[in-house]
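Residue strings, one per chain:
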Amino acid sequence: MKALSISHLSFAYAEGDPEVLADLSFDVEEGEYVSLIGHNGSGKSTLAKLVTGLLGFRYQGSVEIFGISLSKATVREARKNIGLVFQNPDNQFVGSTVEEDIAFGLENHSVPREEMPLIIDSFAKEVGMEAYLKKAPEGLSGGQKQRVAIAGVLAMKPRLLILDEATSMLDPAGKKEILSLIHRLKKENPSLSILSITHDVEEAAKSDKVILLNSGKKIKEGTPIEVFKDRPALEAIRLDAPFAYRLAGALRERGIDVPSDIVSEDALARWLCR
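Conventions adopted
Residues numbered from 1 in each chain as written. Predicted model: local features only at pLDDT ≥ 70, side-chain atom pairs only at ≥ 80, totals over all residues. Heavy atoms only, no water. Core = buried A, V, L, I, M, F, W, Y, C linked by side-chain atoms within 4.5 Å. Buried < 20%, exposed > 50% of the residue type's maximum accessible area, 1.4 Å probe, protein only. Helix = DSSP H or I, 4+ residues; strand = E, 2+ residues; numbered from the N terminus. Contact = heavy atoms within 4.5 Å. pLDDT = per-residue confidence, 0-100. Pairing = 2+ DSSP bridges. Axes fitted to C-alpha atoms, helices over the stretch in contact; angles between N-to-C directions. Nonpolar A, V, L, I, M, F, W, Y, C, P; charged D, E, K, R; others polar.

**Focus: the nonpolar core**
Here comes step 1: Counting residues in each nonpolar core, the largest one holds 34 residues, and the members touching the most others are Val-85, Ile-102 and Ile-150.
Here comes step 2: Of all the secondary-structure elements, those providing two or more residues to this core are helix 3 (98-108), helix 4 (116-126), helix 5 (142-154), strand 7 (160-164) and helix 6 (172-188).
Here comes step 3: It is helix 5 that contributes the most residues to this core, six residues altogether.
Here comes step 4: Beyond its immediate chain neighbours, meaning those up to four positions away, Ile-102 contacts Ile-120, Ala-124, Leu-133, Val-148, Ala-151, Gly-152 and Ala-155.
Here comes step 5: One finds Leu-24, Ile-68, Leu-160 and Ile-162 within the second-largest nonpolar core, a separate group that totals 31 residues.

**Comments concerning the confidence of the model for the protein**
Here comes step 1: For the protein, per-residue confidence averages 89 on the pLDDT scale, and residues scoring 70 or more make up 100% of the total.
Here comes step 2: Of all the helices and strands in the protein, helix 11 (residues 265-272) carries the lowest mean pLDDT, 83, while strand 1 (residues 2-11) carries the highest, 97.

**Brief notes about the sheet that holds strand 9 (residues 209-214)**
Here comes step 1: In space, the six strands of this open sheet follow the order 6-7-8-3-9-10, with mixed pairing throughout. This sheet does not close on itself; its edge strands, each paired only once, are strand 6 (82-85) and strand 10 (217-222). Here the strands of the sheet are splayed against their neighbours by 15 degrees on average, with no regard to which way each runs.
Here comes step 2: Here five bridges tie strand 7 to strand 8 (residues 193-198), and the two strands are oriented parallel to one another. Considered in strand 8, the bridge of Leu-160 is made with Ser-193.
Here comes step 3: Contacts from helix 5 reach strand 6 and strand 7 within the one sheet, and its direction differs from that of strand 6 by about 170 degrees.

**So, the environment of Leu-163**
Here comes step 1: Its place among the elements puts Leu-163 in strand 7.
Here comes step 2: You can call Leu-163 buried: its relative accessible area is 2%.
Here comes step 3: Note: C-alpha distance between Leu-163 and Leu-195 (32 residues apart in sequence) is 6.3 Å.
Here comes step 4: Contact partners of Leu-163, with chain neighbours within four places excluded, come to Val-85, Ile-182, Ile-194, Leu-195, Ser-196 and Ile-197.

**Re the packing of helix 10 (residues 243-253) against helix 11**
Here comes step 1: One way to put it is that helix 10 packs onto helix 11 with a least axis distance of 8 Å and a crossing angle of 40 degrees. Residues Phe-243, Ala-244, Leu-247, Ala-248 and Leu-251 of helix 10 touch helix 11, and the partners they reach there are Glu-265, Leu-268 and Leu-272.
Here comes step 2: Class assignment for the residues of the contact of helix 10 with helix 11 results in seven nonpolar, no polar and one charged.

Written as structure tokens, this is what we have:
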């Protein structure tokens, strides 16, 4: 089953303006981890807002979420399947404590109040924030804030998790922390579908599928190895292949038979240390 199906999607913010998205089509299968890569201005965040109904429905083409065709009449039903984690963790807090913030989404989903404490404790523990439930958000690090945001989203049990540049404002340690968390959660819940909107090729290297977006148009789609070996496509959006892919290529040039399916640092390290 398709978690998300985008078909011939075109969108401009106002009549007569240039299109931000132009005839865009792709699918995210249930249980699939897809990375959508592009630089600022490529239309990535606009896509996230359209998929969640935050920009209304003035677009051409169609958006389907688990078979529900997105429209004004169906947006509330469709949103029940989606969890969205934004770029800036400071903009995501609505509660005065971690506990209240996780509870906010549950309240919007009409979860009985007597059931909330167990759910809040469970998902706070899931992201390693159970000791911070009474803490105010301003006392947390960027990585901790993003952990809380993810806990709040997961508590609503989405079937499709959308990450809109969710690590771009974090330091390297915070980014590594959040990505490790996401991959652990995905491993524990294989049916969870993920669409990661990013410009980080190292993150995308660990996805099931990668889509390159340039000026609102899809220019390449495939597995990480298929996408990252297409240097003209990467150069078109001013990106380079992941470090591990480039290093593996350099080793092959020196006669070391590195497997061609290695694109991530973890995979290369495992192979080198075998």
